[in-house]
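Chain by chain, the residues run as shown.
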Amino acid sequence: MSINRAVSVPLGITTPGKPNIASTIWRTVSDQKNRIYYFDSATRPNTFWVAFDKLDFDRNAPVRKLTIQNGEVYSGEVSGYFRPSEPLKFMDAL
């Protein structure tokens, strides 16, 4: 995570003539051996993670989501904060 932080584009930066450079909002690290996904936000004070072994990925399991759009602040392991949700509606293929 420290390498991600070192190469992140600072919040609020603007570079005229280089529209491909944008502020980094989220940094993530996946631990594939332990099945943990870490999230580090540039706008929130804490790092949080999801232990995939604590989620139910069964085909018949209800869809669940972790809301982060209303200013929620999480810290530590967050699988217990996932709430039931409607599935995403995908557009029809052309």
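Up top is the structure.
Here the structure is a predicted model, which is why all the values come from computation and not from measurement. (Residues numbered from 1 in each chain as written. Predicted model: local features only at pLDDT ≥ 70, side-chain atom pairs only at ≥ 80, totals over all residues. Heavy atoms only, no water.)

1. What to know about the packing of aromatic side chains
Inference 1: Enumeration over the complete set of coordinates arrives at nine aromatic pairs.
Inference 2: Here the aromatic rings of Tyr-37 and Phe-52 are separated by 6.4 Å at their centres, their planes lie at 15°, and the arrangement is stacked. Of this pair, Tyr-37 sits in strand E2 (residues 36-41) while Phe-52 sits in the loop between strand E3 (47-51) and strand E4 (64-65); the two residues are 15 residues apart in sequence, bridging distant segments of the chain.
Inference 3: Summarising the aromatic geometry, the rings of Tyr-38 and Trp-49 are spaced 5.7 Å apart at their centres and angled 45° between planes, so their arrangement reads as tilted. Within this pair, whereas Tyr-38 is found in strand E2, its partner Trp-49 is found in strand E3, the two being separated by eleven residues in sequence.
Inference 4: A relative accessible area of 24% means that Tyr-38 is categorised as partly exposed.
Inference 5: A network of ring pairs unites the aromatic residues Trp-26, Tyr-37, Phe-39, Phe-48, Phe-52, Phe-57, Tyr-74 and Tyr-81 as a single cluster. (Phe/Tyr/Trp six-rings, centres within 6.5 Å; stacked < 30°, edge-to-face > 60°. Helix = DSSP H or I, 4+ residues; strand = E, 2+ residues; numbered from the N terminus. Buried < 20%, exposed > 50% of the residue type's maximum accessible area, 1.4 Å probe, protein only.)

2. Some details on the pattern of salt bridges
Two side chains that carry opposite charge are able to pair once their charged atoms sit near each other.
Inference 1: Here the structure, examined in full by the defined rule, presents four salt bridges.
Inference 2: Measuring nitrogen to oxygen at the nearest pair gives 2.8 Å for the salt bridge that ties Asp-40 to Arg-27. With Asp-40 in strand E2 and Arg-27 in strand E1 (residues 26-31), this pair connects stretches of sequence that are 13 residues apart.
Inference 3: The salt bridge involving Arg-35 is made with Asp-53; its shortest N-O contact spans 2.5 Å. Within this pair, whereas Arg-35 is found in the loop between E1 and E2, its partner Asp-53 is found in the loop between E3 and E4, the two being separated by 18 residues in sequence.
Inference 4: Accessibility expressed as a relative area gives 39% for Arg-35, which makes it partly exposed.
Inference 5: A single network of salt bridges, built from pairs that share partners, joins Arg-5, Arg-27 and Asp-40. (Salt bridge = Lys/Arg side-chain N within 4 Å of Asp/Glu carboxyl O.)

Such coordinate-based values are descriptive only and should not be taken to indicate function.
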